[in-house]
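Examination of the molecular architecture
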Amino acid sequence: MKADRRERGIRLILYLPTLIFLILMSIFPLIFSIYISFFNYTLGQHMDFIGFGNYGSVLTDSSFWSALRITLEIAVLAIPIEVFIGILIAFLFNTRGKGVEVCRMIILIPMMLPPLVIGFFWKYMFDATFGIINYFLGLLSGNPQIISWFTDVRLALIAIVLVDIWEWTPFVALLAMAGLQAIPPNVRETVRLEKASWWLRFRTLYLPYLRFPLLVAILIRSIDTLKIFDVVYILTGGGPGEETVTLTMFAYRVGFNYFYTGKAAALSWIIALISVGLITILIRVLSRKSTA
Amino acid sequence: MAEVKLKNLTVKYGEVVAVNNVSLTFEDKKFTVMLGPSGCGKTSTLRSIAGLTRPASGEIYIGERLVNDLYPSERNVAMVFQSYALYPHMNVFDNLAFCLKPLKLTRSEIKEKVNQISQTLHLEEFLNRYPAELSSGQQQRVAIGRALIRRPAVLLLDEPLSQLDAVLREEMKVYIKKLQEELAITTIHVTHDQTEAQAMGDRIVVMDLGVIQQIGTPQEVYNNPVNLFVAGFIGNPSMNLISGELSREEGKFFLVSKEVKIPIPPKLGKKLEKGNITGEIVLGIRPEHIFLFPEAIQDSVEAEIIEVLPQNNEFIIDLSCDSFSFKVRKDKEVLGFHPQVGQKSWFTLNEEKTYFFDKETTRRIELP
Amino acid sequence: MGKKWLSLLLIGVFVGASLVGYTAISSAKTIRILALAWPQAKVEQELADKYFTPKTGIKVIIEAQPYTYNEQKARQEVAAGSSYYDIYHYDSQWIGNYVVSGALERLDTKDYLLSPDSKINFDKDFFPELTYRSCKYPTIGPELDKGNFKAFKDTPIYGLPWSQNCEVLFYNKTLFKNAGLDPESPPETWEQFREYAIKLTNPPKHYGVGFSASPAADYISMDFFPIMWSWGGALWDPYTWTAEGYVNSPESIAALQFFSNLYLKDKVCPPDTPNWDMDPKLSALLTGLVAMAPEWVPLLGAIMDDPKSSQYVGQIGMALMPGKKDPATGKIRRFHMYGCQGTGINARSKHKKEAWEYLQWLLSYDTQKALTDNPAAAFVSGRRDLRYYAAGLNRWNKAFIDAIPTIRDFWNIPPYAELLFIQNREENLAFIGAKTPAEAMNYAAKLEQAIYDSSPYKPKR
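Residues numbered from 1 in each chain as written. Chains lettered and ligands numbered in written order. Predicted model: local features only at pLDDT ≥ 70, side-chain atom pairs only at ≥ 80, totals over all residues. Heavy atoms only, no water.

**A look at the interface of chain A and chain C**
The line we're drawing: In this analysis, two residues are considered to be in contact whenever any of their non-hydrogen atoms come within 4.5 Å of each other. Two parts placed together each lose some accessible area under a 1.4 Å probe, and the buried area is that loss summed for both. Salt bridge, as used here, is a side-chain nitrogen of Lys or Arg placed within 4 Å of a carboxyl oxygen of Asp or Glu. We define a polar contact as two N or O atoms separated by no more than 3.5 Å, with the added condition that, inside protein, one atom must be a possible hydrogen donor and the other a possible acceptor, whereas residues neighbouring each other in sequence contribute only through side-chain atom pairs.
Taken together, the 31 residues of chain A in the interface contact 29 residues of chain C. The contact between chain A and chain C buries some 2,600 Å² in all, and 54% of this surface belongs to carbon and sulfur atoms. Contact with chain C buries surface across chain A, with Q45(A), T151(A) and F259(A) losing the most and accounting together for 20% of the total. Linking chain A with chain C are one salt bridge. Across the pair E242(A) and R425(C) runs a salt bridge, and its minimum N-O distance is 2.6 Å. On inspection of chain A and its partner chain C, the count reaches 16 residue pairs in polar contact (both at pLDDT 80 or more).

Written as structure tokens, this is what we have:
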């Protein structure tokens, strides 16, 4: 009995640092951010209780809706292409042979680079006058191209989507490869003996194995895209106008440029609710497909 | 339906030669068993026919067609794997119907074909189940059904029975054989199990080290093994082999080895003399071809029983003669006495069934 | 057992020593400065270690933070009521927020400037054009722009001038010569500016003008506002906090039309200009990609004749910003974008005395001269008595002193950041042609007016 109690005491002491850390660094700020979202509070200035005023202020802010639209546009444009190319790459590298291992490693490099680095070198590549992309477009079209990628409302978004695809397709490919590896070799050989078309094989045999890894990939990519920040921040800085300001960039601006702490807290919770909502819908839709 | 012809087939994995210059014809509508220990090249041969492995050299014909450069799917062959390889995400019906889909059949045609094959294979009750919900015997039948439903020119079986329990295996042996006869499909069956080979094969191809050792009916292979490998590999328990020197004393022939001196039956001795065979030689005799007596008779050799393994209707007896030990297999009724460990007994060789092999070439020596 | 005690003992000794060390540091006379990471901060630290600390025994720790993080850091410190820093550096537009947050100590009191011992005479020592904008609050307005400094005589003082800066026109003499222009007569008016720019443009190697036209930070506005002001446009009425009719006045809109035409119609700016912040503009000037651009005086001035950074050593000229002829007087009306930083004492500091002593030393003639003398500091002083010396010292000091009378600034009221962002965004959209100048400025007026109206600091009528 006595030893039991002592052990419990020791256990508690061992838990304590983690517990304190969690309470201080996660649970308290979380609750406090809800509290503060009900106040008109500019950092360092006095606080006025305004109920849901901050939430109203966010939802009537045209910049918020623009940021939400832009974030969703990036997700809707980038993720399907990432999944499509990811699957292609997975099939391409799912064979054995000399150099395949090396190629697999090379393919994964974009994913391992810090987003900051990616942002900077793509910024140079997209440069209108001396960027390599315009240079190649010039070679392809036969006359020099001066396309100003980041100063056109549509092109800026497309440039961001392209970089996102470049950065994150390897991640999808990695998960898809893992899915393909799970197919028993004999099953794959049996299919090779069948006359089935490529599409039939893909749909009935490969897709069931890819379904779960792709579900995971789409989910993670969706969550990631909802909080996309660094690459966009460096590539376009949100411009032109605010045509590439994403949700997190908008939240950053409200919180750390305007210092509207109360509104930023409300905004963060709205973003969190949107994310949870979208992800829940996504899980429903995708998992329904996989059981049908 | 078609015959399968191999011409100088060689399969290599890096530096390792798995199949070495094999030429062979699998006869049309016949059940051929490829038999050999693991690593002998039988599976590589099979995979080359299917197109799953690319041969280093040689030609493969199915019917009149050279198929070397054809995709597996263009060869009209079906294969059943040891692991069954059913499509796990499809139910039995869809597994069976999968290969019919590209054929642009109507729904009712597909249904009819599936029903037909499932009747043959007694799978009607399981059509809606998924592979994971089936026993291994049922999975096996689905795998065979899936291979047969599209009427392939050649059916390839890669150790399909090895994962079944003994009772099921016996059942399936008979079943597959019967099915093959009914459907008259050229079938190549790879196994390392010689009882399977004996029971099922119209012909047996014995392979070792990538080379064909012997081709023949089960009886031929059993009765006339062409070399020491086939002699030792076929038969259970395997043939007793004694290596020694032929000698002649007072008109009688003996095989003298380090361990023992065994008299050779006179008729055989005569043949040996006629064939002018002398010197170092290997004598082979199957356990079932040794006569055993509770007391000494003419030209018998004394031995001690050191182990008795009673079977249903026979004994497998380990005997020791000086330092040489060998096996005898006898019907309980034929034997006429109850062998006991430590008991002395006497044996002679069945002169009709005693083989001699060249020690150098390992080939069997044909006696006149 | 022995080991356990030994490790406990070691931990005890370590903790004890740290505590003793900490108290030793904090009990010594040390002042801590949250500084901006301008080149002068490093030189200032050296000078303080060399002269100030030996003389007074007060140790000085200057913590330089990059621009945006400085504001974030300072405002978090202020919100937390921290006394960690004794002195804050601040950019001119931050002062409103700092004052309403109670961050800065008022200096026009008996403890400081009004003390008989004060070594600083605020009005006499410094250019009021500079200090009235960044050290007094609230001050912005037409009276200040007219030079009527007496109107702000009693306005509270919260800081002293730390770093002085404005944008002037930099131009490339070599490229001028190549285009057949006189390298010694830079454009006087915006019309000339445009005319020259067209002559200087030869894509893709050379363009006439570069602007930092990105919508981020204050980039596009700092290049546009001098144009807007010289057209007779304005951001707002600072007395009534009115945007309508000011930011979208016909003059403001015409100025924006001129500004965007340079990019859209005349195509005298590099195609990436609407995404440019400070760095691309600076390097475009140094490499000759652009022949003219408004640029911060010491930022480029300090490096333009350094062969390591410049391809046109001795060939980069400086001039007052072009202007527009005032139809009434016939005089050229020109303006320069203000960019000064102040330094003030943390109202919660525990070492206010030492901090005041330091500020007096820093703003003294000798220290300011030492900073001016050191090219590594890229420093321009706000002291009046240094102007002739500095103007004789180098070209860029002179350019700055010439520009002082026509310097103007934008908002420094608390919601400046949101106003600035709206302004930037709309200017940028007009610049790239996504909106007409009238659309952009009308929309900006509407949004900015809403911000004025909802601000608790809007003056009551």
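**Digging into the domain arrangement of chain B**
Residue and element names in this part refer to chain B. Applied cut-off: Delimitation of the domains relies on an automatic or database domain assignment. Runs of E in the DSSP output that reach at least two residues are strands. Runs of H or I that reach at least four are helices, and both are numbered from the N terminus. Charged residues are taken to be Asp, Glu, Lys and Arg, nonpolar residues to be Ala, Val, Leu, Ile, Met, Phe, Trp, Tyr, Cys and Pro, and polar residues to be all remaining types, Gly included.
Its domain assignment divides chain B into domain 1 (4-233) and domain 2 (240-358). Distance from the C-alpha centre of domain 1 to the C-alpha centre of domain 2: 40 Å. Opposite the seven residues of domain 1 that make contact, domain 2 presents eight residues. Summing both partners gives a buried area of about 660 Å² for domain 1 against domain 2, and 57% of it is carried by carbon and sulfur. At the junction of domain 1 and domain 2, the tally comes to three residue pairs in polar contact (both at pLDDT 80 or more). Mapped by element, the contributors of at least two residues to the side of domain 1 that touches domain 2 are α7 (218-223) and α8 (228-233). In terms of residues, the side of domain 1 that touches domain 2 owes the most to one element, α7, which gives three residues. Here the residues of the side of domain 1 that touches domain 2 sort into five nonpolar, two polar and no charged.

**Points about the interface of chain A and chain B**
When the parts come together, some accessible area is lost, and that loss is often what is quoted as the size of the interface. Contact residues are listed per partner, giving 16 residues for chain A and 22 residues for chain B. Carbon and sulfur atoms make up 63% of the surface buried where chain A meets chain B, a total of about 1,800 Å² over both sides. Linking chain A to chain B there are two salt bridges. Ionic pairing is found between E194(A) and R150(B), a salt bridge with its closest N-O pair at 3.4 Å.

**Structural notes on the sheet that holds strand β5 (residues 65-66) of chain B**
Residues and elements named next belong to chain B. The following threshold applies: In this scheme, strands are said to pair when DSSP sees at least two bridges between them. Every axis corresponds to a line fitted to the C-alpha atoms, with the helix fit spanning only the stretch in contact, and the corresponding angles, defined between N-to-C directions, vary from 0 to 180 degrees.
With respect to topology, four strands assemble into an open sheet ordered β2-β1-β4-β5, the strand pairing being antiparallel. The sheet is open, and its two borders are formed by β2 (16-26) and β5, each paired with just one other strand. The sheet contacts of helix α1 (residues 42-50) involve β1 (4-13), β2 and β4 (57-62), and relative to β1 the element is tilted by about 115°.

**Considering the side chain of Q93(C)**
All names here are of chain C. Relative to the elements of secondary structure, Q93 occurs in the loop between β3 (87-91) and α4 (95-100). Within the structure, the side chain of Q93 is placed 3.5 Å from the side chain of S92, a separation counted as a polar contact. Once residues lying within four places of it in the same chain are set aside, the contact partners of Q93 are Y67, D218, F410, W411, N412 and Y416.

**Here's the deal with the sheet that holds strand β19 (residues 344-349) of chain B**
Residue and element names in this part refer to chain B. With antiparallel pairing, the five strands of this open sheet are ordered in space as β15-β19-β16-β17-β18. Each edge of the open sheet carries a strand with a single partner, namely β15 (290-293) and β18 (324-331). Across the sheet, the mean angle from the axis of one strand to that of its neighbour is 45°, orientation sign disregarded. When strand β17 (residues 314-321) meets β18, the two strands line up antiparallel, connected through eight bridges. In the strand pairing of β18, E314 is matched with D331.

**Quick notes on the environment of A166(B)**
Residues and elements named next belong to chain B. To keep things clear, this is the line we draw: Exposed residues in this analysis have more than 50% of their type's maximum accessible area, buried residues have under 20%, and partly exposed residues fall in between, with area computed by a 1.4 Å probe over protein chains only.
Its location among the elements puts A166 in helix α5 (residues 166-183). On the accessibility criterion, A166 (52% relative accessible area) is exposed. A C-alpha to C-alpha distance of 23 Å links A166 and V308, two positions 142 residues apart in sequence.

**Thoughts on the domain arrangement of chain C**
Residues and elements named next belong to chain C. By the assigned domains, chain C splits into domain 1 (24-158 + 340-408) and domain 2 (167-337 + 414-454). Taking only C-alpha atoms, the centre of domain 1 and the centre of domain 2 are 28 Å apart. On the side of domain 2, 22 residues touch domain 1, which itself brings 23 residues to the contact. Carbon and sulfur atoms supply 63% of the area that domain 1 and domain 2 bury against each other, a total of about 1,900 Å² over both sides. The largest share of the area that domain 1 buries against domain 2 comes from R395, W396 and R408, three residues that together contribute 37% of it. For the interface between domain 1 and domain 2, the tally reads one salt bridge. Across the pair R395 and D305 runs a salt bridge, and its minimum N-O distance is 3.3 Å. Linking domain 1 with domain 2 are eight residue pairs in polar contact (both at pLDDT 80 or more). For the side of domain 1 that touches domain 2, the secondary structure elements donating two or more residues are α4, α7 (142-146), α17 (395-403) and β13 (407-408). Among the elements that take part in the side of domain 1 that touches domain 2, α17 stands out by supplying six residues, more than any other. Residue composition of the side of domain 1 that touches domain 2, grouped by class: 13 nonpolar, five polar and five charged.

**Looking at the pattern of salt bridges**
When the charged atoms of two side chains lie near each other, side chains of opposite charge can form a pair. As enumerated under the stated definition, the model contains 50 salt bridges over all chains in all. Shared partners join several salt bridges into a network, and the residues in it are E242(A), R253(A), R425(C), E426(C) and K435(C).

**Side note on the environment of I158(A)**
Residue placement: I158(A) occurs in helix α7 (residues 153-181). For the pair I158(A) and L77(A), spaced 81 residues apart in sequence, the C-alpha to C-alpha distance is 8.6 Å.

**Digging into the pairing of β3(C)**
Residue and element names in this part refer to chain C. Taken across its five residues, β3 has five buried, putting it largely inside the fold. Residues I87, H89 and D91 point to one face of β3 and Y88 and Y90 to the other, with burial holding for every one of them. Bridging between strand β1 (residues 30-36) and β3 involves two bridges; their strand directions are parallel. Among the inter-strand pairings, L34 is bridged to a residue of β3, identified as Y88. In terms of strand pairing, β3 meets strand β12 (residues 341-345) through five bridges, oriented antiparallel. By the bridge assignment for β12, Y90 is matched with G342.

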